[in-house]
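# Report on the structure
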Amino acid sequence: MTAPATATGDTVGAVLTPARAVRRWPAAVAMPITLAAAILLTLALALPADVEVARVVLWELRTPRLLLALLGGAAVGVAGLLMQAALRNPLAVPELLGVSTGGALAAAVVVVWALPVPAAAQPVVALAGALGGGALCLAAAGTGRGPGAVLLIGAAMSTALQAVLLAVMAAADRLQYDTLFRYLVGSLTGITWDHARLTLPWLLLCGPLVVAVLPALGVLRLGDEAATALGLHVGRARVAVLGLAAVLVAVVVGPCGPIAWIGFVAPHVARRVRPDADARALLPWAAAFGALFTTVADLAARHAFAPAETPLGAWTAAVGILSGLVLLRRRGTS
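Heads up: these notes are all about the structure in this document. (Residues numbered from 1 in each chain as written. Predicted model: local features only at pLDDT ≥ 70, side-chain atom pairs only at ≥ 80, totals over all residues. Heavy atoms only, no water.)

## Quick look at the overall build of the chain
The cut-off we apply is this: Only DSSP runs of H or I reaching four residues or more are called helices, and only runs of E reaching two or more are called strands; each is numbered from the N terminus. Any residue under 20% of the maximum accessible area for its type is buried, any over 50% is exposed, and the rest in between are partly exposed; the area is computed with a 1.4 Å probe on protein chains only. In what follows, residue pairs with any heavy atoms lying within 4.5 Å of each other are defined as contacts. For the accessible areas, the method is Shrake-Rupley and the probe is 1.4 Å, while residue cover comes only from the protein chains on display.
If you tally the helices and strands in the chain, you get 12 helices and 0 strands. Each helix and strand of the chain, ordered N terminal to C terminal, gives the series α-α-α-α-α-α-α-α-α-α-α-α. By residue count, 49% of the 334 residues in the chain fall in the buried class. In the chain, the proportion of contacts linking residues at least 24 apart, taken out of those at least 6 apart, comes to 77%. With an accessible surface of roughly 15400 Å², the chain has 71% of that area assigned to carbon and sulfur atoms.

Shown next, in the form of structure tokens:
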């Protein structure tokens, strides 16, 4: 049976074999069960015996942390899907937009230079730095270049920002370095409802915008020449999609720091589950896997070496690298 062309144009005349249709079902069942188990463990594992203390820990500490893990992971997973679709490159990752480095640089400047910024406002400063880093990379890439050039220029600008970050960090003393370490690697330690209130409005605003750019992604997938022939301003459309991906990542970087590799792995796993799907159908899968991987990584960060807590970013990087190697190996043998 030949699948009809989709509205986004991502899949035209794709053949959906019975074997592929059957392959979806284990993942479709296992993923929500695994996510539900991760949510339950995050909330209930190692709760204090005292009921009143347990209530405070559950509501004031674990619930906002879980919310940021779920929504932040979903946002980064969607951002990775947008980048890979807009640049037509499965190796594109949000880290190449300069967003994560921009946020880390802003946080480092505040701490190392001892700027008079209240602790409650530091996530806002990091958010502004993340948005600034993404805007700088997109401005350098321009609107008239092809996807390969945009990716290379973004990588170069991100590397330049990282060099500035290292220069700032070189001036930090031991106490400042220890203060910044967890944030620069990525961590959900200390997340409260204040951080959630900073993040949620941005994510709610970005949701409809993500849906709105899906048709443009379908046209971009046809190639720049074909998209131009269909009347799409390719450069502007690509920068708009990448700008939206940058905002999604920046919103997470502000309170949590960089969450590495989720934006790479989540879209790839989504494509393994739905190999014939278009961007519209892949979107919820990329979001769900991003949420799942971040929540599981945060569980490992909290409990693997308890009572010590390890940075979230170290676990997401480990999951991302291992998953990426498995995916690339399977692609090479398929």
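## Things to note about the environment of phenylalanine 181
Summarising the element assignment, phenylalanine 181 is placed in helix α6 (residues 174-185). C-alpha separation for the pair phenylalanine 181 and proline 311, spaced 130 residues apart in sequence, amounts to 8.7 Å.

## Let's talk about the pattern of salt bridges
To keep things clear, this is the line we draw: By convention in these notes, a salt bridge is any Lys or Arg side-chain nitrogen within 4 Å of a carboxyl oxygen on Asp or Glu.
Enumeration according to the criterion identifies 7 salt bridges in this entry. Among the ionic pairs, aspartate 298 bridges to arginine 65, the shortest N-O distance being 2.8 Å. Taken together, the residues span a long stretch of sequence, with aspartate 298 in helix α11 (residues 279-303) and arginine 65 in helix α2 (residues 51-87) at a distance of 233 residues. Classification of aspartate 298 by relative accessible area gives buried; the value is 2%. A salt bridge links aspartate 224 to arginine 238; the shortest N-O distance between them is 2.8 Å. Taken together, the residues span a long stretch of sequence, with aspartate 224 in helix α8 (residues 224-229) and arginine 238 in helix α9 (residues 234-256) at a distance of 14 residues. One network of salt bridges, with partners in common, ties together Arg65, Asp298 and Glu309.

## Some points on the nonpolar core
Keep this limit in mind: Put simply, a nonpolar core is a bunch of buried Ala, Val, Leu, Ile, Met, Phe, Trp, Tyr and Cys residues held in one set by side-chain atoms that sit within 4.5 Å of each other.
Judged by nonpolar contacts, the single largest core of 89 residues is most densely connected at Leu82, Leu97, Leu217, Leu242, Leu248 and Phe289. The element best represented in this core is α2, accounting for 15 residues.

## Some remarks on the packing of helix α3 (residues 99-112) against helix α4 (residues 122-141)
Applicable threshold: Angular values range over 0 to 180 degrees, each being the angle between N-to-C directions of two axes fitted as lines to C-alpha atoms, with helices fitted over their stretch in contact. Here roughly perpendicular refers to angles of 65 to 115 degrees, roughly parallel to angles under 35, roughly antiparallel to angles over 145, and oblique to all remaining angles. In this scheme, a crossing is called left-handed if the near helix is turned counterclockwise away from the far one by less than a right angle; it is called right-handed if the turn is clockwise. Note on residue classes: Ala, Val, Leu, Ile, Met, Phe, Trp, Tyr, Cys and Pro are nonpolar, Asp, Glu, Lys and Arg are charged, and everything else, Gly too, is polar.
Where α3 contacts α4, the axes come no closer than 6 Å and their chain directions differ by 135 degrees. By the criterion of interaxial angle, the relationship of α3 to α4 is oblique. Considering the relative orientation of α3 and α4, their crossing is right-handed. Two secondary-structure elements touch here, α3 through Val99, Gly102, Gly103, Ala106 and Val110 and α4 through Gln122, Val125, Ala126, Gly129, Ala130, Gly133 and Gly134. Considering only residue class, the contact of α3 with α4 consists of 6 nonpolar, 6 polar and no charged.

## What to know about helix α7 (residues 193-220)
To keep it simple, the criterion reads: The length a helix should cover is 1.5 Å for every residue beyond the first. Take the seven residues that end at a residue and the seven that start at it, fit an axis to each, and the angle between those axes is the bend at that residue.
Compared with an ideal rise of 1.5 Å per residue, which puts 28 residues at 40 Å, α7 spans 39 Å between its outermost C-alpha atoms and is within 8% of the ideal. A maximum bend of about 35 degrees is found in α7 at leucine 214, where proline proline 215 lies one to four positions downstream.

## Quick word on a nonpolar patch on the surface
So the rule is basically this: To count toward a patch, a residue needs a relative accessible area above 30% and no salt bridge. Like charges then connect within 9 Å, nonpolar side chains (Val, Leu, Ile, Met, Phe, Trp, Tyr) within 5 Å.
Together, Trp261, Ile321, Leu322 and Leu325 make up an exposed nonpolar region whose accessible area comes to about 390 Å². Tracing the backbone through its elements, the reader meets leucine 322 in helix α12 (residues 312-333). Given a relative accessible area of 58%, leucine 322 falls into the exposed group.

## As for the packing of α2 against helix α10 (residues 262-273)
For the pair α2 and α10, interaxial distance at closest approach is 7 Å and the crossing angle is 75 degrees. In terms of their interaxial angle, α2 and α10 are classed as roughly perpendicular. For the pair α2 and α10, contact is made by Gly73, Val76, Gly77, Gly80, Leu81 and Gln84 and by Ile262, Gly263, Phe264, Ala266, Pro267, His268 and Arg271, respectively. Residue classes in the contact of α2 with α10 are distributed as 6 nonpolar, 6 polar and 1 charged.

## A word on the packing of aromatic side chains
Test applied: When two rings of Phe, Tyr or Trp (its six-membered ring) have centres within 6.5 Å they constitute a pair, described as stacked for plane angles under 30 degrees, edge-to-face for angles over 60, and tilted for the intermediate range.
Using the criterion set out here, one finds 6 aromatic pairs in the structure. Site record: aromatic cluster; members linked through ring pairs are Trp285, Phe289 and Phe293.

## Quick word on the environment of glycine 98
Looking at the element boundaries, glycine 98 is found in the loop between α2 and α3. Remark: the alpha-carbon pair of glycine 98 and leucine 136, spanning 38 residues in sequence, is separated by 7.8 Å. Apart from residues lying up to four places away in sequence, glycine 98 is in contact with Gly133, Gly134, Cys137, Ser158 and Leu161.

## Considering unusual backbone geometry
The residue after alanine 306, namely proline 307, is reached through a cis peptide bond having omega 10 degrees. Following the sequence through the fold, proline 307 ends up in the loop between α11 and α12. Phi is positive for alanine 46, which is not a glycine, with a value near 60 degrees. Counting through the fold element by element, alanine 46 comes out in the loop between α1 (18-44) and α2. The backbone phi angle of arginine 88 is positive, close to 50 degrees, even though this residue is not glycine. Position of arginine 88 relative to the elements: it lies in the loop between α2 and α3.

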